[in-house]
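Each chain, written out:
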Amino acid sequence: MKKCIYTIICFAIITTFYAQNYVSKLPNYEAYKAFRGKPLSDKFSNIESVKIIYDLKSKKIYYFNSTLIKLHYDFVVDYLGYSKELEIFNRDNYSNTDKNRNYLLGNLNHIKGTEKWIFELAASDHMPIPLIEQFYNLITETSFIGKNLKFYLNNRENIDLYELSKFKIPCVKSDYIFNELKYQEVVSGKNVGILKMYRTKDLEKIKPNKDEIIILDGTPEILPNVRGIIVNELQTPLSHLVILGKNRKIPIMAYTEVLKDNKITSLIGKKVELKIAIDTFYISETTKKIAEKSISKKKKLVVDNSITELVDLSTIPKNGVNYIGAKAQNLAYLIAIAKETPFKTPENANAIPFYYYTKHIQNKSISPLIKELLDNPDKDSAQWINNQLKKIRTAIKKEPIDNVLITKLNEKLGKQTDFKNFRFRSSTNAEDIVGFNGAGLYESKTGILGDTIKTFEKAIKQVWASVWNESSYWERELFGIDQQNIAMGVLVHRSFPDELANGVIITKNIFRESLPGITVNIQKGENSVVKPEKGEVCEQFVVYNFTFEDAKDPDFDVDFTSNSNLNDNKPLLTKKEINNLYLVSKKIESKMSRYWKNSSSAIDMEFKIVNQSRDLYIKQVRPFND
């Protein structure tokens, strides 16, 4: 009888909470569940959130339904009688003073599946520490969480104050959340396929079937042509797997427990439907039909072999994409933009035109191998094709290069004395273009001026050979790109042995599209952002602009998702450097949209922080194909 009464009371409490849109206390988790919703930002995949407001005048706290009421502003207008415009609300209630503040605005976040509770402010909120601590204490007093609550340091301002021991409440950085992540949406969507499991090293010899959804024990070097992918490693949001996956438009997720999840492994060999969303996934056996995947119409490639001289990129070449490739052409645009914007570009930038690659592969030891590959009617014979690709690469590297090219390079680069090491980078007619990113498909190599081991010739041939890497060949095949007319130009510029940090910028907020900003991934030294080593966590943040564009000293707001574990989880850039990164990237975005004649496209840039003067170098720009 007592059990029945208890059940009725609990049901009554839950029903009461669901019937209300706000309460002044959260006595238990059931009450929290009644008001929880998704955070406005998708920066984490395992967070549920309840919004909180403290009215400074009435001294009342409100926990409100965060599914029905999306914004703090909506609540104060609809329930508290606030009548001013949104701009005034933001100016007064996110300021660095209590003057004119009506409210304290926050979020009570829970990391799902854990006992971790986080008090978070908007990254744009410059609330003074005494008010933060007052707000924190109010939440501990009016909720069941008590002193288990932690304050999340999500912006640079509070991280700096924490390092100076200014806070008297328990604070945490992004690693407190990131270390709990088990699931991560990489590419959302759904598909039907046969569930199979592979070891990543086996993909060198085995080609999964097109009708499969595959589970992998790591991150693949080559993205297989399948219906969906589940990896057991969390991904950098701007990694090659993510970018190529978005291009493919197939569902991809990371789930660290996948190899131990019996519910999933019991489905191996069966036809399943996989659905991936930002905060969860579903996989179950199905009788649904596996839809046929059609290849788009063959995309013809343009090859202009009429240019035989090295192309100096200090001047923008006309129609250069047809004879030096998009990557080299885009660097020429960057060099022009840098003349009026505070960033640098790689010095001594030149391009080797398609002519020399075309001439090289016409050699009798190479061209028959390529013809045999492309004339082969059995395109599904993966092992034969991969063996043939290896033969082509070997032949390209073995044949001597045209000595005229090496002479021209030595003459051109030997005129300066600042640099000995030069980076040779791919610039094909099938990468960095709208609709086909080609991220990570081709190789870059270093050559040293006058060196007898790391020669220019060796570096160039290695780059040329990467046209016929398994990853690049199969990706072009998948997208219906003309394999007959693929051509490789080579972008040459000084190398960067002295980089302090490197990163990628996307000129949009990829976690909350309704709120403009830029998304940045950065890592210490030359450690890769796009292909991180196992266990490495890069720094990630979004920069928002809530200041006027013509402000004399704009100060942008920064929302950290993770900090580099190679830098003791401390920010890699100063506040001034972050501000400059925003201004530079938006200037480049504006200029590049005119060059590309696409005013709405976000762009993808790679940058470096170099030498003790911490110079900002932008080394690459391309359309962001999301």
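Our subject is the structure listed above.
Computed from a predicted model, the values in this text were never measured in an experiment.

### Considering the environment of K608
By the element assignment, K608 lies in strand 24 (residues 603–610). Take K608: its relative accessible area is 11%, and that puts it in the buried class. Placed 86 residues apart in sequence, K608 and I522 show a C-alpha to C-alpha distance of 8.9 Å. If we ignore the near neighbours within four places in the chain, the residues touching K608 are F496, E499, A501, N502, D615, L616, Y617 and K619.

### Let's talk about the packing of aromatic side chains
This model, assessed by the stated rule, comprises 30 aromatic pairs. Within the aromatic cluster, the residues linked to one another by ring pairs are Y22, Y62, F64, F75 and Y79. Cation over ring: K116 sits above Y176, and NZ or CZ is 4.1 Å from the ring centre.

### A few points about the sheet that holds strand 12 (residues 252–255)
One open sheet accounts for 7 strands, arranged 8-12-11-10-9-13-14; its pairing is mixed. What marks the edges here is a single partner per strand, and that holds for strand 8 (183–187) and strand 14 (281–285). Each adjacent strand pair in this sheet contributes to an overall mean axis angle of 30°, direction not counted. Bridge count between strand 8 and strand 12: 4 bridges; the pairing is antiparallel. The residue bridging Q184 from the neighbouring strand is A254, located in strand 12.

### Some words on the packing of helix 10 (residues 326–338) against helix 17 (residues 575–596)
At a minimum axis separation of 11 Å, helix 10 and helix 17 run at an interaxial angle of 130°. By the angle class used here, helix 10 and helix 17 are oblique. Crossing hand, helix 10 versus helix 17: right-handed. Packed against helix 10, whose contacting residues are N330, Y333, L334, A336 and I337, the element helix 17 presents I588, K591, M592, Y595 and W596 at the interface. Tallied by class, the residues present in the contact of helix 10 with helix 17 amount to 8 nonpolar, 1 polar and 1 charged.

### Observations concerning unusual backbone geometry
Positive phi outside glycine occurs at N100, with the angle close to 70°. Position of N100 relative to the elements: it lies in the loop between helix 4 (86–93) and strand 4 (103–111). In this model, R614 sits at a positive phi of 55°, which is unusual for a non-glycine residue. One can find R614 in the loop between strand 24 and strand 25 (615–623).

### A few points about helix 10
Along an α-helix, residues three or four apart share an orientation, since each turn contains 3.6 residues. Spanning 13 residues, helix 10 covers 18 Å between terminal C-alpha atoms, matching the ideal 18 Å at 1.5 Å per step. For helix 10, the buried fraction is high: 12 of the 13 residues fall into the buried class. Every buried residue of helix 10 is listed here: A326, K327, A328, Q329, N330, L331, A332, Y333, L334, I335, I337 and A338. In this fold, the buried residues of helix 10 make contact with strand 16 (350–352), strand 17 (421–428), strand 19 (488–494), helix 17 and strand 25.

### A closer look at a nonpolar patch on the surface
A surface patch of nonpolar side chains, about 220 Å² in accessible area, is lined by M197, L259 and I268. With respect to the secondary-structure elements, M197 resides in strand 9 (residues 189–198).

### Here we look at the pattern of salt bridges
Applying the stated criterion across every chain yields a total of 29 salt bridges. For K33, the salt bridge identified is with E30, shortest N-O distance 3.7 Å. With K33 and E30 both in helix 2 (residues 29–35) and 3 residues apart, this pair spans about one turn of that helix. Put simply, E48 and R36 hold a salt bridge, and the shortest N to O gap is 2.8 Å. Note that E48 is positioned in strand 2 (residues 47–55) and R36 in the loop between helix 2 and strand 2, a separation of 12 residues in sequence. You can call E48 buried: its relative accessible area is 6%. Shared partners join several salt bridges into a network, and the residues in it are D604, E606, K619 and R622.

### Some remarks on the packing of helix 14 (residues 403–413) against helix 15 (residues 456–465)
When two helices pack together, their arrangement is given by the angle between the helix axes and the distance between those axes. The interhelical angle for the contact between helix 14 and helix 15, taken along N-to-C directions, is 115°, at an axis separation of 10 Å. The hand of the helix 14/helix 15 crossing is right-handed. Within the contact between the two elements, helix 14 uses L405, I406, L409, N410 and L413 and helix 15 uses F456, E457, I460 and W464. Its residues placed into classes, the contact of helix 14 with helix 15 shows 7 nonpolar, 1 polar and 1 charged.

### Notes on helix 15
Within helix 15, 7 of the 10 residues are buried, which leaves the element mostly enclosed by the surrounding structure. Listing the buried residues of helix 15 in full gives F456, A459, I460, K461, V463, W464 and A465.

### Notes on the environment of T114
Counting through the fold element by element, T114 comes out in the loop between strand 4 and strand 5 (117–120). Relative accessible area serves as the criterion here: at 13%, T114 is assigned to the buried category. In the structure, T114 is positioned 134 residues away from R248 in sequence and 34 Å away in space, judged by C-alpha atoms. Within the structure, T114 has its side chain in polar contact with the backbone nitrogen of K116 (distance 3.0 Å).

### A few points about empty space enclosed by the protein
Tallied over the entire structure, the rule returns 4 cavities of 30 Å³ or more. Here the largest cavity is characterised by a volume of approximately 70 Å³. As for the largest cavity, its lining consists of A123, H126, N155, R156, E157, F556, D557, V558 and K575. Elements that contribute at least two residues to the lining of the largest cavity include exactly helix 6 (156–163) and strand 23 (557–562). Grouping the amino acids of the lining of the largest cavity by side-chain chemistry returns 3 nonpolar, 2 polar and 4 charged.

### Some thoughts on the side chain of S466
Within the element layout of this structure, S466 appears in the loop between helix 15 and helix 16 (470–478). Excluding its chain neighbours within four sequence positions, the residues that come into contact with S466 are L441, Y442, E443, S472 and M488.

### Considering the sheet that holds strand 25
Strand order in the open sheet formed by 6 strands is 23-22-21-20-24-25, with antiparallel pairing between adjacent strands. With one partner strand each, in any of the chains shown, strand 23 and strand 25 form the two edges of the open sheet. Across the sheet, the axes of successive neighbouring strands diverge by a mean angle of 20°, strand direction being ignored. Sheet topology places strand 20 (residues 499–506) next to strand 21 (residues 518–524); 6 bridges connect them, and they run antiparallel. Bridge pairing in strand 21 links I506 to T519.

The rules we used
Residues numbered from 1 in each chain as written. Predicted model: local features only at pLDDT ≥ 70, side-chain atom pairs only at ≥ 80, totals over all residues. Heavy atoms only, no water. Helix = DSSP H or I, 4+ residues; strand = E, 2+ residues; numbered from the N terminus. Buried < 20%, exposed > 50% of the residue type's maximum accessible area, 1.4 Å probe, protein only. Contact = heavy atoms within 4.5 Å. Phe/Tyr/Trp six-rings, centres within 6.5 Å; stacked < 30°, edge-to-face > 60°. Lys NZ or Arg CZ within 6 Å of the ring centre and 35° of its normal. Pairing = 2+ DSSP bridges. Axes fitted to C-alpha atoms, helices over the stretch in contact; angles between N-to-C directions. Parallel < 35°, antiparallel > 145°, perpendicular 65-115°, else oblique. Left-handed = near helix turned anticlockwise from the far one by under 90°. Nonpolar A, V, L, I, M, F, W, Y, C, P; charged D, E, K, R; others polar. Expected span 1.5 Å × (residues − 1). Patch = residues over 30% accessible without salt bridge, like charges linked within 9 Å, V, L, I, M, F, W, Y side chains within 5 Å. Areas by Shrake-Rupley, 256 points an atom, 1.4 Å probe, with all protein chains shown as cover. Salt bridge = Lys/Arg side-chain N within 4 Å of Asp/Glu carboxyl O. Polar contact = N/O pair within 3.5 Å; in protein donor to acceptor, adjacent residues only side chain to side chain. 1 Å grid on protein atoms, 1.4 Å probe; cavity = no way out; pocket = protein on both sides within 12 Å on 5 of 7 lines; lining within 4 Å. Points joined across faces, edges and corners; volume = space filled by probe spheres on them.

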